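Structural features, examined
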Amino acid sequence: MLKQKFILSYGSKMFMQFVTIAASIVVARVAGPTVMGTIAYSLAYVKMIGFIYDLGLGTAHIKLISDGRDEGKCNSTFAVLKGGASILFMLAFWSMFLSQKFIFDVEFESQIHEYVIYILVGMSVFEAILSIPITTFAAKLEQAKQDIPYMIRGLIFQTLRVVIVLLGGKAIALAFGNFAATLIIVPVYFFLFKSYPFSGFDKELAKEYIKIAAPILILGAATTLTNTIDKVLLQYFTDSEQVGYYTAGFRVGGFILLISRSMSMLFFPMFSRAVAKRDFGFIKDKIEKFERFSFLFIMPVVIIITLFSKDIVLLLLGEQYISSIDIMAVITVALFLTVFNTPYGNLINGFGKFKLTAKITIVNLFVYVGVIFLFLSENLLNLGAIGVAWALLISNVLLGISFRYFALKDAKNLDNKIALKFIVYGILSYLASYYIYTNYFNANAWVRFSFVPLYALVTFLSFHALKWMKMDDWHAALKLFDIKAMKNYISGEIKEKK
């Protein structure tokens, strides 16, 4: 059943990623990088303090339900605490926004940026409300109830994006489209959530939520800032056009990030239960299987994307996004690093060491911001958007090393043998492929793309020759397309009575 949960989670997000890419091609080509950058910056600006409307309560909710606490009391207490956190978020946001304008006298690039921010703040309030059922579904490992509404909202939003830009709409209209899609999906989530138990607010349980959430708040703040500060600082040092180029670089490689997010929602409650049972064999088995899948089937795709970044950008986005070529290549590798970092960060949290995870993430954030300043400052390297991409890559390398080091101190049956041999293979494979591709396959489009099946054949044959891949790996991959098993899983979860 876990396999169906992962396949549904990643499969639904992969499908939506392709839909998003298709819609983004239209939006990017018609609207241009400045509009793309305006939306990306405004969303990052709002989300920069978005950790306040969670305050670590979501992770605490998953932890307590995973530990078997009374579900009715947990749901009621969580809902009340989340309501209070949402009010606090609004107070904090408007304090930040008004202080910037009227105390520090820092203006936005345009009035349009401000209007877009107003719309996205309103949308964030509804997202905070929706996080109550979504987090509960995650705590109970009910993937279908998370993913089906997610897909519906995504399809509505992407359709609206395309219609809006084709009708001549720009950043403000696109922001309204995002808000509208969020409002439409609210009844769906609460329909799925209506039969869940609520038994009143519990003060003692609320104290436990706060006790667990306190160190996670720091972690949430650091993680949120890490995910948003890049676009905010890039806007500060450059302009919306550069933010647009940087955002475009995420579009193709973004599907890799979905694996990390999907697995985070599964690994944390799963590892929390396994640690409580001291079942370290289970943890080792799941991590090794995930690493093998990542390296055997995802790493080759990452290498191909980096090699063909120019063709991909020019084909999908056009020559106006030529500045995004190198950005996309670097970001794709950086996002892949988050994939095999994911289990180890979640394992540390599964041990209940939220303070340690917070410390690691905070240090990483300071390093990340420092490197961004180094790469963006006019008095230093002044690299623009590509500098932020390199900063992200460096940050993810350091974060992965830290997570692995501390996770292995507690789970001593784990090791880095699988990761190390595949990392070495990946580096050598990329260097060899880059040399062969640029020197012998760079004549025209047909010759260039003939390199893809050749690379795939040589790569998978080498995996078999090194005895790193077996037929069982192919069988596991083919189960991604087991429609009958997926249908039974979704049907069973949606119809399950509470």
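Along every chain, residues carry numbers that run from 1 in the direction the sequence is written. Per-residue local features are limited, in this predicted model, to residues with pLDDT of at least 70; the limit for side-chain atom pairs, both in listing and counting, is 80 or more; totals at the level of whole chains, interfaces and linings are taken over all residues. Side-chain descriptors were evaluated using all non-hydrogen atoms of the structure, hydrogens and water having been removed beforehand.

On to the overall build of the protein chain, then. Secondary structure counts use DSSP, requiring at least four H or I residues in a row for a helix and at least two E residues in a row for a strand, with both numbered from the N terminus. Scanning the protein chain from terminus to terminus reveals 19 helices and 0 strands. Relative to its full complement of 498 residues, the protein chain shows a buried share of 55%. Note on contacts: a residue pair qualifies if any of its non-hydrogen atoms lie within 4.5 Å across the two residues. In the protein chain, once contacts between residues fewer than 6 apart in sequence are set aside, the share between residues at least 24 apart is 84%. Taken as a whole, the protein chain presents about 22,200 Å² of accessible surface, with 69% of it coming from carbon and sulfur. A simple rule labels every residue: compare its accessible area, found with a 1.4 Å probe on the protein chains alone, to the largest value its type can have, and call it buried under 20%, exposed over 50%, or partly exposed in between. Surface exposure here means Shrake-Rupley accessible area, sampled with a 1.4 Å probe, where a residue is shielded only by the protein chains that are shown.

We now examine the nonpolar core. Nonpolar core, defined: a set of buried Ala, Val, Leu, Ile, Met, Phe, Trp, Tyr and Cys residues in which side-chain atoms within 4.5 Å join the residues together. In terms of nonpolar packing, the biggest core is built from 93 residues, with Phe93, Tyr246 and Phe463 touching the most fellow members. By residue number, the principal contributor to this core is helix H10 (residues 280-307), which donates 12 residues. Beyond its immediate chain neighbours, meaning those up to four positions away, tyrosine 246 contacts Asp230, Lys231, Leu234, Ile327, Ile331, Tyr368, Ala385, Val388, Ala389 and Leu392.

Right, let's get into the packing of helix H3 (residues 57-66) against helix H4 (residues 71-102). For any two helices packed against each other, one specifies the inter-axial angle together with the distance between the axes. As a packed pair, H3 and H4 sit with axes 10 Å apart at the nearest point and diverge in direction by 175°. Looking at the two axes, H3 sits roughly antiparallel to H4. Where H3 approaches H4, its residues Leu57, Gly58, His61, Leu64 and Ile65 are matched on the opposing element by Glu71, Cys74, Asn75, Phe78, Leu81, Lys82 and Ala85. Residue composition of the contact of H3 with H4, by class: 7 nonpolar, 3 polar and 2 charged. Axis lines are fitted to C-alpha atoms, over the contacting stretch for helices. Their N-to-C directions set the angle, which ranges from 0 to 180 degrees. Small angles under 35 degrees read as roughly parallel and large ones over 145 as roughly antiparallel, with 65 to 115 read as roughly perpendicular and the rest as oblique. Just so you know the grouping, Ala, Val, Leu, Ile, Met, Phe, Trp, Tyr, Cys and Pro go in nonpolar, Asp, Glu, Lys and Arg go in charged, and all remaining residues, Gly too, go in polar.

Before going further, it helps to examine the side chain of glutamine 235. Take glutamine 235: it is sitting in helix H8 (residues 203-237). Take glutamine 235: its relative accessible area is 9%, and that puts it in the buried class. Once residues within four sequence positions are removed from consideration, glutamine 235 is found in contact with Tyr41, Glu109, His113, Ser240 and Val243.

Helix span, expected: 1.5 Å multiplied by one less than the number of residues in the helix. The end-to-end C-alpha distance of helix H12 (residues 325-350), which contains 26 residues, comes to 38 Å, matching closely the 38 Å that a straight helix rising 1.5 Å per residue would cover. Remark: the principal bend of H12, roughly 45°, maps to asparagine 341, with a proline, proline 343, within the next four residues. The element H12 is largely enclosed, with a buried count of 24 among its 26 residues. Glycine 352 lies just past H12 and shows a positive phi near 85°. Each residue is assigned a bend, namely the angle between axes fitted to the seven residues that terminate at it and the seven residues that start at it.

Turning our eyes to something else, we now look at the packing of helix H2 (residues 33-47) against helix H7 (residues 171-193). It is the contact of H2 with H7, at a shortest axis distance of 9 Å, that shows an interaxial angle of 45°. Looking at the two axes, H2 sits oblique to H7. Note on packing geometry: the crossing formed by H2 with H7 is right-handed. Two secondary-structure elements touch here, H2 through Val35, Thr38 and Ile39 and H7 through Ala171, Leu174 and Ala175. Classifying every residue of the contact of H2 with H7 gives 5 nonpolar, 1 polar and no charged. By definition, turning the near helix anticlockwise from the far helix through less than a right angle yields a left-handed crossing, and turning it clockwise yields a right-handed one.

This next bit is on the side chain of aspartate 202. As for its placement among the helices and strands, aspartate 202 is situated in the loop between H7 and H8. A 3.5 Å cut-off defines polar contacts: any pair of N or O atoms within that distance qualifies, except that in protein one atom must be a possible hydrogen donor and the other a possible acceptor, and neighbouring residues in sequence count only when both atoms are side-chain atoms. Only 3.0 Å separates the side chain of aspartate 202 from the backbone nitrogen of glutamate 204, close enough to count as a polar contact. Aspartate 202 has contacts with Lys73 and Thr77, leaving out every residue within four places of it along the chain.

This paragraph deals with the confidence of the model for the protein chain. Mean pLDDT over the protein chain: 86, with 88% of residues reaching 70 or higher. By definition, pLDDT measures how confident the predictor is in each residue, and it falls between 0 and 100. For the protein chain, per-element mean pLDDT is lowest for helix H19 (residues 483-495), which scores 53, and highest for H2, which scores 95.

So, about the pattern of salt bridges. Whenever Lys or Arg places a side-chain nitrogen within 4 Å of a carboxyl oxygen from Asp or Glu, that contact is recorded as a salt bridge. Counted under the stated rule, the structure contains 14 salt bridges. With its nearest N and O atoms 2.7 Å apart, the salt bridge here joins glutamate 291 to arginine 404. Highlighted residues: glutamate 291 in helix H10 and arginine 404 in helix H14 (residues 385-410), separated in sequence by 113 residues. Note on arginine 404: relative accessible area 8%, which makes it buried. We note a salt bridge from arginine 448 to aspartate 311, for which the minimum N-O separation is 2.8 Å.

Okay, H2 next. Between its first and last C-alpha, H2 extends 21 Å over 15 residues, near the 21 Å set by a 1.5 Å rise per residue. With 12 of 15 residues buried, H2 is to be regarded as a mostly interior element. Within H2 the residues assigned to the buried category are Pro33, Val35, Met36, Gly37, Thr38, Ala40, Tyr41, Ser42, Ala44, Tyr45, Val46 and Lys47.

The pairing test for Phe, Tyr and Trp rings, Trp by its six-membered ring, is centres within 6.5 Å, and the orientation test on the planes gives stacked under 30 degrees, edge-to-face over 60, and tilted for anything in between. The full count for this structure, using the stated rule, is 40 aromatic pairs. With a centroid separation of 5.3 Å and 85° between ring planes, the pair formed by tyrosine 236 and phenylalanine 237 is classed as edge-to-face. Classification of tyrosine 236 by relative accessible area gives exposed; the value is 62%. Members of the aromatic cluster, each reached through a chain of ring pairs, are Tyr41, Tyr45, Tyr53, Phe89, Phe93, Trp94, Phe97, Phe108, Tyr115 and Tyr118.

Moving on to the environment of tyrosine 368. As for its position among the elements, tyrosine 368 is in helix H13 (residues 354-376). Between the C-alpha atoms of tyrosine 368 and alanine 391, which are 23 residues apart in sequence, the distance is 6.2 Å. When residues no more than four places from it in sequence are discounted, the contact partners of tyrosine 368 are Thr226, Ile229, Asp230, Tyr246, Val388, Ala391, Leu392 and Ser395.

With that settled, consider unusual backbone geometry. Positioned with a positive phi, leucine 55 is a non-glycine residue whose angle comes to about 60°. Tracing the backbone shows leucine 55 in the loop between H2 and H3. Classification of leucine 55 by relative accessible area gives partly exposed; the value is 21%. For asparagine 382, which is not glycine, the phi dihedral falls at a positive 50°. Within the secondary structure layout, asparagine 382 lies in the loop between H13 and H14.

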